[in-house]
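This is what each chain is made of:
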Amino acid sequence: ALFAIVVDGSAEYVPQPISLCSSQEGMEAYLEESATMISEPHKYFPRQIKNIVDAADAISPDAIGLPDDQSYPVIDISPWLNPSMPSDKERENVVNQVLEEATTGGSFSIIGHGIDDALFDRLYTAARSFFSMSLEQKMGFSSGNNLAGYVAYRNESVASIHKSGSPKEQKDLRETFSMSSPPNNDGNVQGPYEFYNAMSEYIEQLQSVEKAAKQIFTAALSSAKGIDLPATYLKDVEEHATGLLRASRYPSTPGFEDATKLLPHSDFGTITILASSEEGLEEIRDGRWYKVPMGKGELHVSVGEVYTMWSNGLFKNNIHRVGKEAKKDRISFPYFTSQGKRSSNVIDTDVGISPICSNGEEARFPRTSTVDHLRKYMGAFTGGKDDLWDD
């Protein structure tokens, strides 16, 4: 799974593909012959999502709260952030909880992540201050690239992939500011001092949360498939990938009260870690729309399409939206793991991995990486650019 190359006397561990599915040799023929193989995931997922959303809308297009006898899954991941202290049983209990939620609704909230409430307070205060500036001032922090700096209200479009019949929903009803990890990445735009500092500190603290989360998902995958994966496998396979943090504001706009602020979709990448203490996030669980409760200090984790593919469909890509009844001027901070800026040579050589399967299980998806999967959506988002980071 991992082999070591000695460089200047030190061992550098290089991730290698792990797959117990059909071998890559002769894969093209297998793609043609296999009735279960999904050869074009970027076309499959929009269809899958539409079918699930249509079925949920048929029950009710409006989201409801969870019944009184049910609670939203909140998992304490602290045993994985302090591995020297808890018992193996405590860590295993976390894995079992994550496995249960990842294979059903595809999402859960976490506590015990080690990020202080004071930082969240600074983050929200600085974001509100930034977004309250005039449009002219905010445009001064635009790079012309949607993944770095400021993007104005209604300048992005989930509807370009996940269609809507409403003319009010053809553009996302939000404005954003994005930063890649690490904060000093040369592709980043440095925003106002307090805003930049708060986002920088937050994205740095998220690194340990991301590492722990991916170790937990690795252990869950190992357990479910009955194979022995290296403990940090799902982190190591994209070791050169960085995360992308977005501050998003959903302003209340006269005339758009009946519009969904962000259309139903699932995230393209591995996992998304969301901070938002305000109402608005809605997702499909058990076949219908539910409101997602977010307590102060909780982080929401959702499975993306790449993890669905790497797990060969075991982990369910979470389908969610920002609803019509989202709190006025709602602010959220989604952190998309493995979707930040990379060097061009890494992009060119990033071939990803094949689905990880149990003994005798056939692959349902082709070999892929986060970058490769994102490229498949290029036409809708960037007009056919070769790289999301092209100017």
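Now for a look at the structure at hand. This structure is a prediction, so every number in the text was calculated from the model and none was measured.

Each value, and the rule that gives it
- Residues numbered from 1 in each chain as written.
- Predicted model: local features only at pLDDT ≥ 70, side-chain atom pairs only at ≥ 80, totals over all residues.
- Heavy atoms only, no water.
- Phe/Tyr/Trp six-rings, centres within 6.5 Å; stacked < 30°, edge-to-face > 60°.
- Helix = DSSP H or I, 4+ residues; strand = E, 2+ residues; numbered from the N terminus.
- Buried < 20%, exposed > 50% of the residue type's maximum accessible area, 1.4 Å probe, protein only.
- Lys NZ or Arg CZ within 6 Å of the ring centre and 35° of its normal.
- 1 Å grid on protein atoms, 1.4 Å probe; cavity = no way out; pocket = protein on both sides within 12 Å on 5 of 7 lines; lining within 4 Å.
- Points joined across faces, edges and corners; volume = space filled by probe spheres on them.
- Pairing = 2+ DSSP bridges.
- Polar contact = N/O pair within 3.5 Å; in protein donor to acceptor, adjacent residues only side chain to side chain.
- Axes fitted to C-alpha atoms, helices over the stretch in contact; angles between N-to-C directions.
- Contact = heavy atoms within 4.5 Å.
- Parallel < 35°, antiparallel > 145°, perpendicular 65-115°, else oblique.
- Nonpolar A, V, L, I, M, F, W, Y, C, P; charged D, E, K, R; others polar.

Describing the packing of aromatic side chains
In this structure the tally under the stated criterion is 18 aromatic pairs. Taking 6.1 Å as the distance between ring centres and 65° as the angle between the ring planes, the aromatic pair formed by Tyr44 and Phe365 counts as edge-to-face. Pair noted here: Tyr44 is in helix H2 (residues 41-59) and Phe365 is in the loop between helix H10 (344-349) and helix H11 (370-376), with a separation of 321 residues, a long-range link. Summarising the burial analysis for this pair, Tyr44 and Phe365 share the class buried. A cation sits over an aromatic face here: Arg288 above Tyr290, 5.9 Å from the ring centre. Over the ring of Trp289 we find Arg321, and its NZ or CZ is 3.8 Å from the ring centre.

Considering empty space enclosed by the protein
Going through the model one piece at a time under the given rule, you end up with two cavities of 30 Å³ or more. Approximately 30 Å³ is the volume found for the second largest cavity. Forming the walls of the second largest cavity are Ile77, Val98, Phe108, Ile110, Ala213, Ile216, Phe217 and Val301. In terms of residue count, helix H7 (residues 193-225) provides more of the lining of the second largest cavity than any other element does, three residues in total.

Concerning the pairing of strand S14 (residues 330-336)
Across the seven residues of S14, seven count as buried, placing the element largely inside the fold. The side-chain alternation of S14 yields two buried faces, one formed by Arg330, Ser332, Pro334 and Phe336 and the other by Ile331, Phe333 and Tyr335. In this structure, strand S7 (residues 244-250) lies alongside S14, joined through five bridges in antiparallel fashion. Residue pairing for S14: Leu244 is matched across the bridge by Phe336. Sheet topology note: the strand S9 (residues 271-275)/S14 ladder contains four bridges and is antiparallel. Directly across from Ile273, in S14, lies its bridge partner Tyr335.

Describing the side chain of His373
Position of His373 among the secondary structure elements: in helix H11. A polar contact is formed between the side chain of His373 and the side chain of Glu305, at a distance of 2.7 Å.

Quick notes on the sheet that holds strand S5 (residues 149-151)
Across the sheet, which stays open at both edges, the eight strands sit in the order S3-S4-S12-S9-S14-S7-S6-S5 with mixed pairing between neighbours. Single-partner strands in this sheet number two, and they are strand S3 (74-76) and S5. Averaged over all neighbouring strand pairs, the angle between strand axes comes to 25°, with direction disregarded. Its contacts with the sheet put helix H4 (residues 88-102) on S3, strand S4 (107-111) and strand S12 (299-303), and the angle it makes with S3 is roughly 155°. Along the sheet, helix H5 (residues 117-131) makes contact with S5, strand S6 (175-180), S7, S9, S12 and S14, crossing S14 at roughly 115°.

Some words on unusual backbone geometry
Of note, the amide linkage connecting Ser181 to Pro182 takes the cis form, showing an omega dihedral of -5°. With respect to the secondary-structure elements, Pro182 resides in the loop between S6 and H7. One non-glycine residue, Asp286, lies in the positive phi region at around 55°. The residue Asp286 is located in the loop between strand S10 (281-285) and strand S11 (288-291) in this model.

Examining the environment of Lys235
By secondary structure assignment, the location of Lys235 is in helix H8 (residues 233-236). Judged by its relative accessible area of 22%, Lys235 falls in the partly exposed class. Between the C-alpha atoms of Lys235 and Thr218, which are 17 residues apart in sequence, the distance is 8.5 Å. Contacts of Lys235, omitting those with residues within four sequence positions, involve Glu210 and Lys214.

With respect to the packing of H4 against H7
Remark: H4 packs on H7, axes separated minimally by 9 Å, with the N-to-C direction vectors making an angle of 80°. By the angle class used here, H4 and H7 are roughly perpendicular. For the pair H4 and H7, the contacting residues are Val94, Val95, Val98, Leu99 and Ala102 in the first and Ile216, Phe217, Ala219, Ala220 and Ala224 in the second. When grouped by side-chain class, the residues that make up the contact of H4 with H7 number ten nonpolar, no polar and no charged.

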